[in-house]
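# Inside the fold
Each chain, written out:
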Amino acid sequence: MEILIRNGVVYDPLNGIEGEVMDIAIKDGKIVPTEKVDPKEAYVIDARGMLVVPGGIDLHTHVAGPKVNLGRVMRPEDHRVSILRYIPGRRHSGSGKTTPSTTVIGYRYIRMGYTMIIEPASPPIKSRHTHEELDDIPYVDKAMLPLFDSNWFILKFIREDARDKVATYIAWLLRTVKGYAVKLVDPGAGEAWGWGRGIGISLDDEIPGWGVKPRDIIEYTLDACIRLGIPHKVHIHCNRLGFPGNYETTLETIRLTEKFPILDRPIMHITHIQFNAYGGETWGNLRSASEELAREINRNPRVSIDLGQVIFGTQTTMTADAPYEYVLYHLTKWKWSSTDAECECAAGIVPYKYRKKSYVNTIQWCIGLEIALLVRDPWRVVISTDHPNGGPFTRYPWIVAWLMSKRARDEVMKKLNERGLRKCILPSIDREYTWTEFVIITRAAPAKLLGLEKTKGHLGVGADADVAIYDIDPREVDPSRDYEKLIKALRRAKYVIKGGEVVVKDGEVTRVIYGSTYYINPVVSPDLEKSVKAEIEQWFKRWYSVSLSTYEVRIEELRSVKEVKVISRV
Amino acid sequence: MVVEIYVKPRTLFKVPVYASVLRPDTFVGKSPRELTDVYVLEGSKKVPLTELFDIEYQGSVPSSVEEITLHLVGDFSKVREICRRMTGGNVIIEGDVGAFLGYGMTGGRVIVRGNVGDWLGTHMCGGFIEVYGDVGNYVGASLPGEKPGKGMRGGIIIIHGSAGAEVGRGMRGGVVVVEGSSDALPGVNMRGGTIVIEGDCKGYPGLNMRDGRIVILGRVDDIVPTFYIDSIAEKVRVKELGREYRGTFLLLRGDAMADISCSGRLFISLDKNSHLRYLTELLGW
Ligand SMILES: [Zn+2]
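From a predicted model like this one, the values you see are computed outputs, not experimental measurements. (Residues numbered from 1 in each chain as written. Chains lettered and ligands numbered in written order. Predicted model: local features only at pLDDT ≥ 70, side-chain atom pairs only at ≥ 80, totals over all residues. Heavy atoms only, no water.)

### Quick notes on the overall build of chain A
The line we're drawing: Under the DSSP-based scheme used, a helix requires at least four consecutive residues in state H or I and a strand at least two consecutive residues in state E, with every element numbered from the N terminus. The size measure is the radius of gyration over C-alpha atoms, and the globule rule it meets is 2.2 Å times the number of residues to the 0.38 power. Throughout, exposure labels follow a simple rule: accessible area from a 1.4 Å probe, protein chains only, divided by the maximum for the residue type, with under 20% read as buried, over 50% as exposed, and the rest as partly exposed. In this analysis, two residues are considered to be in contact whenever any of their non-hydrogen atoms come within 4.5 Å of each other.
Along chain A, the regular secondary structure elements total 19 helices and 26 strands. Taken against the 2.2 N^0.38 rule, which gives 25 Å for 570 residues, the C-alpha radius of gyration of chain A at 23 Å falls within 12% of a compact globule. When the backbone C-alpha atoms are referred to their principal axes, chain A occupies close to 65 × 55 × 45 Å. For chain A, the proportion of its 570 residues judged to be buried stands at 67%. Considering only intrachain contacts with a sequence separation of at least 6, the fraction spanning at least 24 residues in chain A is 78%.

In structure tokens, the structure reads:
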């Protein structure tokens, strides 16, 4: 299908385009020079006075896998409040606000103009389930990040100080379960939790039974990822998440990167940093430590972040940080699930309500925005709510508005806890994001961080034809004043084009298509791989409840696969 | 002035019908002709109320709910959510009714001369429901997934037949009386109010209860071990109904699992439950 987008106001930061009125031509799912498309034959979209940007990329959203599914089971009351009706030929029915069903996830993302999502925490042994669910989410491209934080092989190879084996194992596992990058959640806590410990373990606490420290896990896997040449290196949920005073642990984690060189893109992605930016000693004297963290991030170009912005209301927290969920359960006293994935990791789920009048929740809400506003380089910041931990992804338009408009922030702050606001610096921050910065943090930056900037996150010739068109004219609307208009436009895109097909028109889906699953295939030395695999086989027989042959997720099991091959130095 | 309104199903429904508009509030200030803009769901289809039901007025157009007596005559066993959020008036149902009768109702009287499906009086806040037949599960309950104490808040439900499982689940106030027997787990997640089961109970009353009381006059198969014996009671008064039950009751307190203060009370007839007699031995301690 040929498409011509006429006279739109284009923002494309990767190609240095900032609000130019121009045409974009699409042919065979790619963006092509405008002369390649015949305006008489093509489907022409008149985008006069509309914002034309690349499709959005969500770098961190828990949308698939066993823990997400358990969240759905645990929260029937969350599904009663939000129901999408069946429209024959266009969409299925579905439900769920913070834990939506698979199809609903696809509809809601594509309506907002998002065309790629990353499921950031999947136990390797449950990968098949994660992929099955991802395959069921329509429209968007996707990838998943397997968890390595308490993996017995990693712990074993670190104990043996076998750096090559760590790297080879990571390469083998990513290829075997079709993962895209290494995810570390509270390194070591999952394993310690198996011994009833691990609540708030710090970088230098020893993991029981292994003689390995969380610091080692981060350092060894980071080293391995750099040598493997994986584009998105460690994606880390820092230790002591959710505890007052944890910002010091986050600072130490950031400083771990200093022994590594500065590469073409950040080597450590600190996810939902809001939950890891708490000063003070107790919940009673909690304060925002965003200044300290932002200063360190501004100084150290090896680190990128996403926000983990909190949205007020009842959300569902779900994380592989099982000991923390145990703590949270004792604060909320409602529902709790805690699970262990053999030899690999653990997980917990607890519904949690963020209240405007709460001292702690007010500080949490401020921290996310503060960090986004204090970090000067937008190429290292990505929007997220850590869906569904901080809030549902459907609230991204509000976060954009809060970043682009001081007035929008002030409006919310009027209703917040005053004692909490005094512990924050948000009221004194005047910065407002520009249109270009908005497009960077939602499109270009995540594409770059994933190493997909050739095909995703921009509108240059050769890019995938993932385009979002919003009914708002950046030359006329001042988002700082008219933030309501901005929210309205971003919630429902006027048009969305995915893979060269028009899939959203006037904010409603038109037809169902499916995206691809991206996975990484690091090629390592065959001899090394052979010897590591022999060791894996032995351990598998001894410790796993499944056989190695059923562990692998084969390409033919997935709907559509895109392999990203990297040649490594291992 | 009294207005009698008769509603009869035109056909035997094959799919569930969601008719929350079948309550006195809908008919206030509306003549039969004005009912055409009132809709119900037949399966997933929206259809006018008058297409599915024959509606007949005896009297003039009512000006308040208190004037109305709504008669539902026929088989309503597939019709759900009747009297949802009803605020007053009288409803008399001659026949069987489906699920969610009286959901969230705040006032008025409902009398059913037939059986009722599940979820009778869910989220009920006030008013009176009397059922002459049997009732399904979850009487005066909270919906799945809700916090304990989100069930029935007030009002009275009297069931002359028997009831299913989880009577008064998550109940916070009001009274439920089952004159027949009940299935397992009455008063699970209870936070207040009174449940009386005059017949037998399949077991485990008051699991995870924090407050309120449950009276069981018949046999209980088993009780949860997190209740402890408090004393022997000679009578239990339910003042909302003006009823008093006399006999020898084991008064148990719990559930220790839900709350350390154990304010929930179980009154279990000792005469009908000889297998629980051993508990009286613990009273000497
Ligand atoms: Zn997360």
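Next, the rest of the story.
### Some thoughts on the packing of aromatic side chains
Residue and element names in this part refer to chain A. Stated precisely, the cut-off is as follows: The aromatic pairing rule takes the rings of Phe, Tyr and Trp, using the six-membered ring of Trp, and pairs them if the centres are within 6.5 Å, calling planes under 30 degrees apart stacked, those over 60 edge-to-face and the rest tilted.
As enumerated under the stated definition, the model contains 35 aromatic pairs over all chains in all. When the centroid spacing of 5.5 Å and the interplanar angle of 80° are considered together, the rings of Phe 243 and Tyr 324 count as edge-to-face. Taken as a pair, Phe 243 in the loop between β12 (234-237) and α9 (247-255) and Tyr 324 in helix α11 (residues 322-332) lie far apart in primary sequence, 81 residues in all. Each of the two residues, Phe 243 as well as Tyr 324, counts as buried. Clustering of aromatic rings is evident, with ring pairs tying together Phe 148, Trp 152, Phe 153, Phe 157, Tyr 169, Trp 172, Trp 210, Trp 539, Phe 540, Trp 543, Tyr 544 and Tyr 551.

### Some points on the interface of chain A and chain B
For the record, the criterion: By definition, the buried area sums, over both parts, the 1.4 Å-probe accessible area that each loses when the two are put together. A side-chain nitrogen of Lys or Arg and a carboxyl oxygen of Asp or Glu constitute a salt bridge if their distance falls within 4 Å. Residues adjacent in sequence count toward polar contacts only when both atoms are side-chain atoms; beyond that, a polar contact is any pair of N or O atoms within 3.5 Å, and within protein one must be able to donate a hydrogen and the other to accept it. Each residue is assigned to one class: nonpolar for Ala, Val, Leu, Ile, Met, Phe, Trp, Tyr, Cys and Pro, charged for Asp, Glu, Lys and Arg, and polar for all the others, Gly among them.
Listed by partner, the interface residues are six residues for chain A and seven residues for chain B. In this assembly, chain A packs against chain B so that about 510 Å² is buried in total across both faces, 54% of it on carbon and sulfur atoms. Counting every contact that joins chain A to chain B gives one salt bridge. The partner of Glu146(B) in a salt bridge is Arg80(A), with the nearest N and O atoms 3.9 Å apart. Linking chain A with chain B are two residue pairs in polar contact (both at pLDDT 80 or more), by the criterion used here. Looking at the side of chain A that touches chain B residue by residue, the classes come out as two nonpolar, no polar and four charged.

### So, the sheet that holds strand β11 (residues 183-185) of chain A
Residue and element names in this part refer to chain A. The test is simple: DSSP calls a pair of strands paired once it identifies at least 2 bridges connecting them.
Strand order in the open sheet formed by five strands is β11-β12-β13-β16-β20, with parallel pairing between adjacent strands. The outermost strands of the open sheet, each flanked by one partner alone, are β11 and β20 (381-382). Here two bridges tie strand β16 (residues 303-306) to β20, and the two strands are oriented parallel to one another. Of the residues in β20, the one forming a bridge with Ile 305 is Val 381.

Interpretation in functional terms is not warranted from these geometric data alone.
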